[in-house]
Structures are given as structure tokens and as C-alpha cells.
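# Structural overview for review
Listed below are the residues making up each chain.
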Amino acid sequence: MTKSPSNQNVIIVDGDTIAYRVAAGLGSTGPVKKGMTIIDNIYEHLIERYDTRVGVTYLTGTKNFRRTIPVPKVDKAGVYSTQDYKGNRKDTIPPEFLPHLRKYMIDTFEAVVVDYVEADDALGISHTIVSDLGLTPVIVTNDKDLNQIPGLHFNWVKREEFDISSENATLFFYEQLLTGDLTDNLPGLPGIGKARAKKLLDSPNFDIVKMYEDVYKDRWGGSYLATCQLTSILRN
């Protein structure tokens, strides 16, 4: 990457979303070769669109620091409890050909498997490094969580490119602290959906810390810290 010209695009690919979605589309019959061809076509489009072969793909490994952090929760009655990060996925059976496609991405596109963090975090860290080198990072994913990262994004499913400002990236992070993320078993604050969250974020009196104090009472500090750790994508 450091030998690339200063205007070089660098594609930073969320391999988890590609491998999982393509494998899910194959069902239990395959053939796996069809999935490999779909993945080839995705990369060919990226190379052509951004006129570069400079980039990196990340896949999440078996270990994840977030799984060691209890997810705080308060129900509408004010009762405090904890639950497991992504605990709602325990009984989910992964697509049959997912391991085959992950291996194909490792062997063919040199995808990097990261442990202790998630692929999202590796994308965030790489984005910072690439930006510091004076290059142009392009986040490739269809995962909304990556909207915490400002800059150029490409949704490989919709084939849509968009830019996220630093302000909107920060607002999206606060929105997740308010609403949670049910796909990851993160409840957020009780009674706050996206519509109410947007109204709160537009208010000049918005105070996320006070809101956590009001909900979690004497447990607010640890609950706020845990929720930030579980929600935020690492950048350094």
C-alpha cells in the first residue's frame, strides 16, 4: 500500500458479508462453484470500478472480545439484567457452503482472518491507516454498522456508492447507543426506536450520558461503557 500513488483507491472489503450472503443464496444444494463465480464477479466489479488491485479483505475468526462483555439491559419496568452479545444467534445454523467460500476467499483473494476483534474492526483500523498514508480508502460492505466510519463506502449488494461525513458517522454511533442493534442482541434504551432517536439527536439539549443515568441509575457508568465497547467499531 505504501508504494501506491497518492491518489490510489484502496478497497477494504468486509468478507463476512460477502461469504455469508453468497453461501446463504446457494442453500443446501449449491453448487459451490456457483458461489465462487459470484464472488469472482464481485471482485472484478470492484477492480474495474475503482481502477485498483490494491486492497484487503477481512474475515472474522473464532474469538471475539465482545463476547466477554455482558450486554446490559433494562426493561420498561426498570428491571436490570444482562444477556450475551449475539446470544440470539446461538441456535442459528450457518449456510452449508460458508466454510467453502471463506476458504476460497482466503486462497484466492488473500482474505485475512482476524481473531479477538471482528472484521468490522479490522476495516475500521485499516481505514485509518490507509487515510494516514494519503490514500483513498473505500469501505466495501452492506453492513450498516460500518456507517460509523466516515468517507467513501460501496454497498456491494446494491452496487451503490455513497459518502459519509464525520458528523453523520458520529450521529449514527449515537443512534445505535439509543436504539441498540437487535441483530447483535444489543437492546439499546427502552422505548427508543429510530424515529425517536433522530428527534433526540436533533435536539440541542441531547445528552447521551444523562439518558443512561436516568435509565440505569447507579449502574449507568458500567452500562454506558459496556454499550460503547459493544457498539463502537475500532479505528486504531
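Above this text is the structure in question.
Along each chain, residues carry numbers from 1 onward, in the same order as the chain's sequence is written. Totals for whole chains, interfaces and linings use every residue, but because this is a predicted model, local features are given only for residues with pLDDT of at least 70 and side-chain atom pairs only at 80 or more, for both listing and counting. Side-chain measures here rest on the full set of heavy atoms in the structure, leaving out hydrogens and waters.

### Concerning unusual backbone geometry
Note that the residue after Gly30, namely Pro31, is joined by a cis bond; omega there is 0°. Counting from the N terminus, the helices are the DSSP runs of H or I reaching at least four residues and the strands are the DSSP runs of E reaching at least two. When you line up the elements, Pro31 lands in the loop between helix H1 (15-26) and helix H2 (32-50). Phi at Lys86 takes a positive value of approximately 55°, unusual for a residue other than glycine. Residue placement: Lys86 occurs in the loop between strand E4 (80-83) and helix H3 (98-109). Relative accessibility thresholds used throughout: buried, under 20% of the residue-type maximum; exposed, over 50%; partly exposed, between the two (1.4 Å probe, protein chains only). Residue Lys86 is classed as buried on the basis of its relative accessible area, which comes to 13%. In this structure, Asn185 is a non-glycine residue whose phi angle is positive, near 65°. Counting through the fold element by element, Asn185 comes out in the loop between helix H5 (166-179) and helix H6 (194-202).

### Considering H2
Residue pairs three or four apart in sequence face the same way in an α-helix, which turns once every 3.6 residues. Between its first and last C-alpha, H2 extends 28 Å over 19 residues, near the 27 Å set by a 1.5 Å rise per residue. Within the sequence span of H2, burial applies to Gly35, Met36, Ile39, Ile42, Tyr43, His45, Leu46 and Tyr50. The first or second residue beyond H2 is Asp51, which carries a positive phi of 50°. Multiplying 1.5 Å by the residue count of a helix minus one yields the expected span of that helix.

### Quick notes on the side chain of Asp121
Mapped onto the elements of the fold, Asp121 is located in helix H4 (residues 119-132). We classify Asp121 as buried; its relative accessible area is 0%.

### Remarks on empty space enclosed by the protein
As defined here, a cavity is a set of points on a 1 Å grid over the protein atoms alone where a 1.4 Å probe fits but cannot get out. A pocket is an open set with protein on both sides within 12 Å along at least five of seven lines, and residues line them when an atom is within 4 Å of a point. Grid points are joined across faces, edges and corners, and a volume is the space filled by probe spheres set on the points. Following the criterion strictly, the structure yields one cavity of 30 Å³ or more and no others. Taken as a whole, the largest cavity encloses approximately 70 Å³ of empty space. Taken together, Val71, Pro72, Gln176, Gly180, Leu186, Pro187, Gly188, Tyr212, Tyr216, Thr227, Leu230 and Thr231 make up the lining of the largest cavity. No other element matches helix H8 (residues 220-231), which puts three residues into the lining of the largest cavity. Each residue belonging to the lining of the largest cavity can be placed in one class, and the counts come to seven nonpolar, five polar and no charged. For this classification, the nonpolar set comprises Ala, Val, Leu, Ile, Met, Phe, Trp, Tyr, Cys and Pro, the charged set comprises Asp, Glu, Lys and Arg, and every other residue, Gly included, is treated as polar.

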